[in-house]
Amino acid sequence: MDRTDISRRLLDALKQALRARGITYAQVAKALELSEPSIKRLFSRGDFSLERLGRVCAMAELDFLDLAKLARQRSERTSQLTLAQEQALADDETLMLVFHLLLAGWKSADIRAHYGLTQAQTIRALAHLDRLRLIVLEPGDRVRLVVPRNVVWRRQGPVRRRYGDAALREFIDSSFEGTDEMLFLETRELGPASRVLIRRRLERLSQEFLELAELDAGLAPSSRRNVGLVLAMRPWVFSLARSRPEKAGSATGGHKPAPQRR
């Protein structure tokens, strides 16, 4: 990988971080005391000085190490585990919990402290993940992930069958009245073009959610909180609004009585 490619990956990651934080080119231009076209040229050509790059990173709440990590994660493709790996995670809740937290950037000591696992339970789970070739367990309980963080579970695979329905039921079982909670459900009739547009925007929102999670993975566990996001869209009519056969003899016209046989 040449220097030009590395620079482009870093700048792409920085643009992603700014977009995820809702920071515009105009705001960057104001902070650097430059015009907005000048900022666009800097991003296009990669002509940032270290001092300017550091200032823009600070706006996105990043340091150079965070930016490098984000650029590396963006270069990783999504990963699908083997069927055997998924089955092992589906069969062991503790194993699944530890793996999920490792993907989110947790350290083994933090997992023990926050989730009440004993050292023996943690070591057993880490050793199992190492045998499954999902991590490399290094001295001092240090862990190196072997798979990218953006794991994609099989649609009808063991993990979704084991945890998917239960997780969705638990998530929906709420009044959604808290400060950080929101539930929006509407049904409207949309044409083909509008349906495609809404789907694209939902896909973009889901990607932004994952990008923000990548940005915040470096924060201390005490500064983060698990957040669930469900995006759903499908042709659907509420049962109350579905067409129903008219009752016999109703005011709107029932079935005519059958003619009497003679």
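I will try to describe carefully the structure that is included in this document. (Residues numbered from 1 in each chain as written. Predicted model: local features only at pLDDT ≥ 70, side-chain atom pairs only at ≥ 80, totals over all residues. Heavy atoms only, no water.)

### Some details on the packing of helix H6 (residues 83-91) against helix H7 (residues 93-103)
- The interhelical angle for the contact between H6 and H7, taken along N-to-C directions, is 115°, at an axis separation of 5 Å. Classified by the interaxial angle, the pair formed by H6 and H7 is roughly perpendicular. Of the residues in H7, those in contact with Ala88, Leu89 and Asp91 of H6 are Glu93, Leu95, Met96 and Phe99.
- Classifying every residue of the contact of H6 with H7 by side-chain character gives five nonpolar, no polar and two charged. (Axes fitted to C-alpha atoms, helices over the stretch in contact; angles between N-to-C directions. Helix = DSSP H or I, 4+ residues; strand = E, 2+ residues; numbered from the N terminus. Parallel < 35°, antiparallel > 145°, perpendicular 65-115°, else oblique. Contact = heavy atoms within 4.5 Å. Nonpolar A, V, L, I, M, F, W, Y, C, P; charged D, E, K, R; others polar.)

### Overview of the nonpolar core
- Leu81, Leu89, Val98, Phe99, Leu129, Leu134 and Trp153 are the most contacted members of the largest nonpolar core, which totals 24 residues.
- For this core, the secondary-structure elements that each account for two or more residues are H6, H7, helix H9 (119-131) and helix H10 (158-172).
- Tallying contributions element by element places H7 first for this core, with seven residues.
- Non-local contacts of leucine 134, meaning those with residues more than four positions away in its chain, are made with Leu81, Gln85, Leu89, Phe99, Leu129, Leu145, Val146 and Val147.
- With 23 residues, the next largest nonpolar core counts Leu11, Leu18, Leu42 and Ala71 among its residues. (Core = buried A, V, L, I, M, F, W, Y, C linked by side-chain atoms within 4.5 Å. Buried < 20%, exposed > 50% of the residue type's maximum accessible area, 1.4 Å probe, protein only.)

### Brief notes about the pattern of salt bridges
- This model, assessed by the stated rule, comprises twelve salt bridges.
- Salt-bridge contacts for lysine 40 lead to glutamate 36; the nearest nitrogen and oxygen are separated by 3.9 Å. You can see lysine 40 and its partner glutamate 36 sitting in helix H3 (residues 36-45), four residues apart, about one turn around the helix.
- Lysine 40 gets classed as partly exposed once you look at its relative accessible area, which sits at 43%.
- The class of glutamate 36 is partly exposed, set by a relative accessible area of 34%. (Salt bridge = Lys/Arg side-chain N within 4 Å of Asp/Glu carboxyl O.)

### Focus on the side chain of glutamine 85
- Looking at where glutamine 85 falls in the secondary structure, it is placed in helix H6.
- Once residues within four sequence positions are removed from consideration, glutamine 85 is found in contact with Leu132, Arg133 and Leu134.

### Some thoughts on the environment of glycine 228
- Structurally, glycine 228 can be placed in the segment after helix H11 (192-216).
- As for glycine 228 and phenylalanine 209, which are separated by 19 residues in sequence, their C-alpha atoms are 9.9 Å apart.

### Remarks on the environment of serine 108
- Mapping serine 108 onto the fold places it in helix H8 (residues 108-115).
- Distance in space between the C-alpha atoms of serine 108 and arginine 142 is 7.2 Å, their sequence separation being 34 residues.
- Setting aside residues up to four positions removed in sequence, serine 108 forms contacts with Thr122, Leu126 and Asp141.
- Here aspartate 141 takes part through its backbone oxygen, which lies 3.1 Å from a polar atom of the side chain of serine 108. (Polar contact = N/O pair within 3.5 Å; in protein donor to acceptor, adjacent residues only side chain to side chain.)

### Some points on a nonpolar patch on the surface
- A cluster of nonpolar side chains, Leu205, Phe209, Leu210, Val227, Leu229 and Leu231, forms an exposed patch at the surface whose accessible area comes to about 490 Å².
- Along the polypeptide, leucine 210 turns up in helix H11. (Patch = residues over 30% accessible without salt bridge, like charges linked within 9 Å, V, L, I, M, F, W, Y side chains within 5 Å. Areas by Shrake-Rupley, 256 points an atom, 1.4 Å probe, with all protein chains shown as cover.)

### Focus on the pairing of strand E1 (residues 135-138)
- In terms of strand pairing, E1 meets strand E2 (residues 142-145) through four bridges, oriented antiparallel. By the bridge assignment, glutamate 138 is partnered in E2 with arginine 142. (Pairing = 2+ DSSP bridges.)

### Quick word on unusual backbone geometry
- A positive phi is found at arginine 133, a non-glycine position, where the angle reads about 65°.
- Classification of arginine 133 as exposed rests on a relative accessible area of 66%.
- Non-glycine residue aspartate 141 carries a positive phi angle of around 60°.
- Within the secondary structure layout, aspartate 141 lies in the loop between E1 and E2.

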